[in-house]
Amino acid sequence: MTKVITYGTYDLLHYGHIRLLERAKALGDYLIVGVTADDFDKSRGKINVQQSLMERIEAVKATGIADEIIIEEYEGQKIDDIKKYEVDIFAIGDDWIGKFDYLKAYCQVIYLERTKGVSSSELRNKKRSLRLGLVGESDILKKVVNESKYVNGIQISGVYSDDKDTVKGLLNDIKFYDKYDELLNDSDAVYIISGPKYHYRDIKYALDRKKHVLCESPITLSKCECEELFELSKRNKCVLMEAIKTAYSMAYHRMLLLVETGIIGILKSVEATCTSIREIDKSDRKKMDRSWNSISAWGPTALLPVFQIFGIDYRERKIVTWLDDEEYCYDSFTKIDFCYPEAVASIKVGQGVKSEGDLIISGTKGYVYVPAPWWKTEYFEVRFERPENNRRYFYQLDGEGIRYELVSFVRAIESGCLITNIDKEISSEIASVMEDFMNGNVIRI
Ligand code: C2G
C-alpha cells in the first residue's frame, strides 16, 4: 500500500484545496491530511485564518477524500509523522517548491501544480473589506500602515490631522484629507492617535457618524466621558476598542492565563515599569498642546496588568509625579501605588527618566518575571525558590502586536461582538487615573 501525506490550513476550503487533495490521493492508496493547529499557524505568521481548527477539519472530512486526518502542531512534525505513519510520498502545492526537499531523506517529495485564480486570502478579502481612516500625527501611524498590510481586507483610506505638516512628512504616500468629515465619508472605521486631549472630540465625531473606532489608549482623560463614548458606541452599534498592543501579544495573554491557574500561588504584588527617553521641545507650545505626557503615553500599558490581575476595586491610589511643564501637565516621570484589600501594585512611567522596563508579578509560591521591554515581550519566566523548578515560556510576536490588534478589531466589527481583550471597565478605570492626574490629585516631587 502506498501512503501519501499532505498538509494545509484549509481555511474556507475551496476548489484549489480540493483539487490538491484529489491529486495527492491519486498518487497512492491511502491519504493522510495534516490540518494545521491555530497556534502553529500563528507562529508561522498566518494570523488571518477565519475558521477554527474543528471547522477546518470538518470541511476536509466532508470532502471524503482523506482516509485519515491528523493535526499539525509544531515545526518539524512532518519528519515525525512520515516515520510514524510509514509514509511513502509527501505531496504539497508548488507554492512550496524546494521548501520541503529536506523530507527527501525520509520519503518521496512531490510538488503539485497549484490551482490558479483561487486562494483563501482572496476569499477572505472578498468577505471583508474595511476602509480604515487614520487620525492624528504620531509616528506610530507609519507602523499601523505597514502592519495593516498583514491583515486581509483592510485598506487605508487616508489620513486627517490638525497638524498637517507633521503628518504629511510622515505619510507622504497616503491621501491627506483637509476635513475630518471627508475622511469619515470615505471610511468604515478609524484608528485615532491624535493628542489625548482630543480623543473625546475625535471619537465622538466618528461614532456619531456610525464609524467604528480603534483609539490609542487612553480613550479619554475622564471616566464619565469614556463611559459616555462606550454607551454611544453601543447605541450606534459600532465597535469602540482601546488600542494597547500589549493586550494582543500572545506571551502577555498566556502569562495572564498562567497566573490565574495559581502556578505562583496567591497573587500579592504587581510591579510594572515602562520608560523611554524622549526629547520634547517645550518651547513649541502648539506641539505641547497635542503632546503625550508620560502618564498618557505609558500609563495605560503599565496599568493594564495591574487592573487585569487585581481588578479595579482598590482601596487607595497614590500618584507621585515630577511635573516639568505645568501648563500642559507634562510629567517626565510618574509613579503610582495601589493598595488593594489583600495585595499591592505599583507602576513607574517616564519619558524623562530611564529605568529597567520589566514586569514582576509576585505570589506566595513564586513570581513571574517578564524582562524588558515587557510590553512587547516574547518571553517570560516563572521562578520559584528552587531554581530547578523554574519554567521558561516563549511565544513569537511579530510587528509589536499591532497586526494582532488590527485583526481583533476587524473580527469584532465582522462578528458584531463587542468583547475585546480589554474590558470596558478597565478602559474607564484607566481614564479615571488620567482624570485624577490632570486634576492635580498628585504629590509633586
Ligand atoms: N493549494 C492549491 N491551489 C490553491 C490554493 C492552495 O493547490 N489555489 C494547495 C497548497 O499548495 C497546499 C494546500 O492547497 O498544498 C493547502 O493550502 P493552504 O491551506 O494555504 O495551506 P498552506 O499554508 O500551503 O500549508 O507546512 C506546510 C503547510 O501545512 C501547508
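Rules of the game
- Residues numbered from 1 in each chain as written.
- Predicted model: local features only at pLDDT ≥ 70, side-chain atom pairs only at ≥ 80, totals over all residues.
- Heavy atoms only, no water.
- Salt bridge = Lys/Arg side-chain N within 4 Å of Asp/Glu carboxyl O.
- Helix = DSSP H or I, 4+ residues; strand = E, 2+ residues; numbered from the N terminus.
- Buried < 20%, exposed > 50% of the residue type's maximum accessible area, 1.4 Å probe, protein only.
- Phe/Tyr/Trp six-rings, centres within 6.5 Å; stacked < 30°, edge-to-face > 60°.
- Lys NZ or Arg CZ within 6 Å of the ring centre and 35° of its normal.
- Near = heavy atom within 4 Å.
- Polar contact = N/O pair within 3.5 Å; in protein donor to acceptor, adjacent residues only side chain to side chain.
- Areas by Shrake-Rupley, 256 points an atom, 1.4 Å probe, with all protein chains shown as cover.
- Expected span 1.5 Å × (residues − 1).
- Arc of directions from axis to C-beta.
- Contact = heavy atoms within 4.5 Å.
- Pairing = 2+ DSSP bridges.
- Domains from an automatic or database assignment.
- Buried area = accessible area lost by both parts, 1.4 Å probe.
- Axes fitted to C-alpha atoms, helices over the stretch in contact; angles between N-to-C directions.
- Parallel < 35°, antiparallel > 145°, perpendicular 65-115°, else oblique.
- Left-handed = near helix turned anticlockwise from the far one by under 90°.
- Nonpolar A, V, L, I, M, F, W, Y, C, P; charged D, E, K, R; others polar.

Moving on to the pattern of salt bridges. For the structure on display, the rule yields 33 salt bridges. The salt bridge partner of Asp188 is Arg131, with a shortest N-O separation of 3.0 Å. Taken together, the residues span a long stretch of sequence, with Asp188 in the loop between helix H8 (180–185) and strand E8 (189–193) and Arg131 in strand E6 (residues 130–136) at a distance of 57 residues. Here Asp188 falls in the partly exposed class, since its relative accessible area comes to 23%. Exposure remark for Arg131: the relative accessible area of 30% places this residue in the partly exposed category. With a shortest N-O distance of 3.4 Å, Lys204 and Asp208 are connected by a salt bridge. Taken together, the residues Lys204 and Asp208, both in helix H9 (residues 199–208) and four residues apart, mark about one turn of the helix.

Before going further, it helps to spend a moment on the packing of aromatic side chains. For the structure on display, the rule yields 17 aromatic pairs. Summarising the aromatic geometry, the rings of Phe310 and Tyr340 are spaced 5.2 Å apart at their centres and angled 50° between planes, so their arrangement reads as tilted. Residue Phe310 is found in helix H13 (residues 294–310), and its partner Tyr340 is found in the loop between strand E13 (330–339) and strand E14 (344–350); the two are separated by 30 residues along the sequence. In this structure, Phe310 and Tyr340 share a single accessibility class: buried. Measuring from centroid to centroid gives 6.3 Å for Trp374 and Trp375, while their planes differ by 80°, and the two rings are edge-to-face. Through a chain of ring-to-ring contacts, three or more aromatic side chains come together here, namely Tyr7, Phe90, Trp96, Phe100 and Tyr102. The cationic tip of Arg209 hangs over the ring face of Tyr205; the distance from NZ or CZ to the ring centre is 3.6 Å.

Around the ligand sit 21 residues, and of these Lys78, Asp95, Trp96, Thr115 and Val118 come closest. Within the side chain of Asp95, a nitrogen or oxygen atom sits 2.7 Å from an oxygen atom of the ligand. Computed on the free molecule, the ligand has an accessible area of 620 Å², of which 95% lies beneath the protein chains in the complex. Every element with two or more residues in the shell around the ligand is listed here: strand E1 (3–8), helix H1 (15–26) and strand E4 (89–93). It is H1 that contributes the most residues to the shell around the ligand, three residues altogether.

Our next topic: H1. The end-to-end C-alpha separation of H1 is 16 Å, in line with the 16 Å expected for twelve residues at 1.5 Å each. Among all positions in H1, only Gly16, His17, Leu20, Leu21 and Ala24 are buried. The arc that holds every buried residue of H1, seen down its axis, measures 130°, which confines them to one face. Facing away from the buried surface of H1 by more than 90 degrees, the exposed residues are Tyr15 and Ala26. Tucked inside the fold, the buried residues of H1 contact E1, strand E2 (30–36), helix H3 (53–63), E4, strand E5 (108–112) and helix H5 (120–127).

The next subject is the pairing of strand E10 (residues 240–243). Of the two faces of E10, the one lined by Leu240 and Glu242 and the one lined by Met241 and Ala243 are each fully buried. Two elements, strand E9 (residues 212–216) and E10, share four bridges in a ladder whose sense is parallel. Across the sheet, the residue bridging to Glu216 is Ala243, located in E10.

Domains assigned within the chain are domain 1 (3–121), domain 2 (126–244) and domain 3 (250–396). Taking only C-alpha atoms into account, the centre of domain 1 sits 39 Å from that of domain 2. Domain 1 puts five residues into the contact, and the matching count from domain 2 is five residues. In total, about 470 Å² of surface goes out of reach between domain 1 and domain 2, with carbon and sulfur atoms giving 35% of it. In terms of surface lost to domain 2, no three residues of domain 1 exceed Asn48, Gln50 and Ser121, which account for 79% of the buried area on that side. Applying the counting criterion to the domain 1 and domain 2 interface returns zero salt bridges. Run the count over domain 1 and domain 2 and you get two residue pairs in polar contact (both at pLDDT 80 or more).

So, on to the sheet that holds E13. Strands sit in the order E18-E17-E16-E15-E11-E14-E13-E12-E19 across an open sheet of nine strands; the sheet is mixed. Both edges of this open sheet fall to strand E18 (391–394) and strand E19 (443–444), since each of them pairs with a single strand only. Sheet analysis places strand E11 (residues 267–275) next to E14, joined by seven bridges and oriented parallel. Bridge pairing in E14 places Val270 opposite Ala345. The strands that helix H11 (residues 250–260) touches are E11, strand E15 (359–363), strand E16 (366–370), strand E17 (379–384) and E18; relative to E17, the one it contacts most, it runs at about 25°.

A separate point is the pairing of strand E12 (residues 316–325). Taken together, the nine bridges between E12 and E13 define a ladder with antiparallel strand orientation. Opposite Val320, over in E13, you have Lys335 as the bridge partner. Relative to E19, E12 runs parallel, the two being bridged by two bridges. Paired with Thr321 across the strands is Arg444, a residue of E19.

To continue, consider the packing of H13 against helix H15 (residues 424–438). For any two helices packed against each other, the geometry comes down to the angle between their axes and how far apart the axes lie. Orientation of H13 relative to H15, taken along the N-to-C sense of each, is 135°, at an axis distance of 10 Å. Classified by the angle their axes make, H13 and H15 are oblique. Helix-helix and strand crossings are classified by hand; for H13 and H15 the assignment is right-handed. Judged by residue contacts, Ile295, Ser296, Gly299, Pro300, Leu303, Leu304, Phe307 and Gln308 of H13 engage Ile426, Glu429, Ile430, Val433, Met434 and Phe437 from H15. A per-class count over the contact of H13 with H15 returns ten nonpolar, three polar and one charged.

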